[in-house]
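An overview of the molecular structure
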Amino acid sequence: MAILHKLSLVQKIILSVILIVAISVITVSVYAVIHFHPTDTAASVKSYISSISTDYYENYYFPSLESSIHDHGNSDISEVLSRYTDTGFSRVPLRQIISHVDYDEAALSQITERCDTKSTFVHFFPDPPFTSTSYHVDYEYSCNF
């Protein structure tokens with residue numbers, strides 16, 4: 001602190017201005033990095049596709065499949081679905097999934113902007129115990145990431 005007492009008024013003002021400018025530059029840089037950092041578009045599009053695919057399978061596809069199995073045969077659902085654990089069901093185009101689920105307009109816009117919804121496919125594989133949440137998925141993206 002003894003050094004500050006030896007400085008003239010002009011030197012103290014110049015030192016203060018330099019300190020304020022440095023703090024301002026650091027603050028603006030941190031703000032820019034946090035708020036303007038580009039998001040990972042590929043990851044967000046894949047996340048949206050995963051989310052709507054989950055909604056489609058669990059709330060539309062599986063209940064319809066389960067109802068059809070019960071209405072058209074005496075077979076147990078486990079017996080029928082176990083045939084598809086390795087091969088999965090037919091691939092479903094993303095366009096079809098979008099037509100059967102509720103979605104966020106911003107998310108859909110981001111998907112349709114970067115992906116061909118007719119050529120992007122979702123492939124569902126049922127897993128034991130064959131409930132609406134016991135399955136795994138493979139994605140075939142036709143997207144520009």
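Before any of the text, the structure's been laid out above.
Residues numbered from 1 in each chain as written. Predicted model: local features only at pLDDT ≥ 70, side-chain atom pairs only at ≥ 80, totals over all residues. Heavy atoms only, no water.

**Some points on the overall build of the chain**
Cut-off, in case you're wondering: Going along the chain from the N terminus, every DSSP run of H or I of four or more residues is numbered as a helix, and every run of E of two or more is numbered as a strand. Throughout, the radius of gyration refers to the C-alpha atoms, and the reference size of a globule is 2.2 Å times the residue count to the power 0.38. When a residue's accessible area, from a 1.4 Å probe over protein chains only, is under 20% of the maximum for its type it is buried; when over 50% it is exposed; and in between it is partly exposed.
A count of helices and strands for the chain gives 6 helices and 3 strands. Each helix and strand of the chain, ordered N terminal to C terminal, gives the series α-α-α-α-β-α-α-β-β. In terms of C-alpha radius of gyration, the chain reaches 28 Å, well past the compact-globule figure of 15 Å for 145 residues. The principal-axis extents of the C-alpha atoms in the chain amount to approximately 95 × 30 × 25 Å. When each of the 145 residues of the chain is scored for burial, the buried share is 28%.

**Let's talk about the sheet that holds strand β1 (residues 92-93)**
To keep it simple, the criterion reads: Whether two strands pair depends on DSSP finding at least two bridges between them.
Across the sheet, 3 strands lie side by side as β1-β2-β3; this open sheet has antiparallel pairing. A strand with exactly one partner marks an edge of an open sheet, and here the two such strands are β1 and β3 (135-140). Pairing geometry for β1 and strand β2 (residues 121-126), over 2 bridges, is antiparallel. Across the sheet, Pro93 pairs through a bridge with Phe121, a residue of β2.

**Digging into the pattern of salt bridges**
What counts is decided by this rule: Think of a salt bridge as a Lys or Arg side-chain nitrogen and an Asp or Glu carboxyl oxygen that are within 4 Å of each other.
Summed over the entire model, instances satisfying the criterion amount to 2 salt bridges. The residue Glu140 makes a salt bridge to Arg91 at a minimum N-O spacing of 2.4 Å. You can see Glu140 sitting in strand β3 and its partner Arg91 sitting in the loop between α4 (77-81) and β1, a full 49 residues away along the chain. When its relative accessible area of 39% is taken as the criterion, Arg91 is described as partly exposed.

**Things to note about the packing of helix α3 (residues 41-71) against helix α6 (residues 105-114)**
For any two helices packed against each other, one specifies the crossing angle of their axes together with the interaxial distance. As a reminder of what qualifies: Every axis corresponds to a line fitted to the C-alpha atoms, with the helix fit spanning only the stretch in contact, and the corresponding angles, defined between N-to-C directions, vary from 0 to 180 degrees. Should an angle fall under 35 degrees it is called roughly parallel, over 145 degrees roughly antiparallel, and 65 to 115 degrees roughly perpendicular, with every other angle called oblique. With the far helix as reference, a near helix turned anticlockwise by less than a right angle produces a left-handed crossing, and one turned clockwise produces a right-handed crossing. The contact rule is simple, with two residues in contact once any of their heavy atoms fall within 4.5 Å.
Across the interface, α3 lies against α6 with an axial gap of 10 Å and an inter-helix angle of 115°. Considered as vectors, α3 and α6 are oriented roughly perpendicular to each other. Judged by the twist between their axes, the crossing of α3 over α6 is left-handed. In this structure, α3 contributes Thr41, Ser44, Val45, Tyr48, Ile49 and Ile52 to the contact, and α6 contributes Ala107, Gln110, Ile111 and Arg114.

**Quick notes on the state of the cysteines**
The condition that has to hold: In this description, a disulfide is simply a cysteine sulfur pair whose atoms lie within 2.5 Å.
Applying the stated criterion across every chain, the model contains 1 disulfide. Bridging Cys115 to Cys143, the disulfide has an S-S length of 2.0 Å. Handedness here is read from the sign of the S-S torsion; for Cys115 and Cys143, about 105°, the answer is right-handed. Here Cys115 is found in the loop between α6 and β2, whereas its partner Cys143 is found in the segment after β3, with 28 residues between them in sequence. This pair shows no difference in class: Cys115 is buried, exactly as Cys143 is.

**A closer look at the nonpolar core**
So the rule is basically this: Put simply, a nonpolar core is a bunch of buried Ala, Val, Leu, Ile, Met, Phe, Trp, Tyr and Cys residues held in one set by side-chain atoms that sit within 4.5 Å of each other.
In terms of nonpolar packing, the biggest core is built from 26 residues, with Ile52, Tyr56, Tyr57, Leu81, Phe89, Ile111 and Phe124 touching the most fellow members. For this core, the secondary structure elements donating two or more residues are α3, α4, α5 (94-100), α6 and β2. Here the element with the most residues in this core is α3; it accounts for 9 residues. With residues near it in sequence (within four places) discarded, Ile111 still touches Val45, Tyr48, Ile49, Ile52 and Leu94.

**So, the packing of aromatic side chains**
Rule in force here: Between rings of Phe, Tyr and Trp, where Trp is taken as its six-membered ring, a pair exists when centres lie within 6.5 Å; planes separated by under 30 degrees are stacked, by over 60 edge-to-face, and by other angles tilted. In this analysis the charged atom, NZ for Lys or CZ for Arg, is taken to sit over a ring once it is within 6 Å of the ring centre and within 35 degrees of the ring normal.
Evaluation of the coordinates by the stated rule reveals 13 aromatic pairs. Seen in terms of ring centroids, Tyr57 and Tyr61 are 5.8 Å apart; in terms of plane orientation they differ by 25°. Their pairing is stacked. Here Tyr61 and Tyr57 lie together in helix α3, a separation of 4 residues that amounts to about one turn. An aromatic cluster is built from Tyr56, Tyr57, Tyr60, Tyr61, Phe62, Tyr84, Phe89, Phe124 and Tyr135, whose rings are joined through pairwise contacts. Sitting over the ring of Phe121, Arg91 keeps its end group 3.9 Å from the ring centre.

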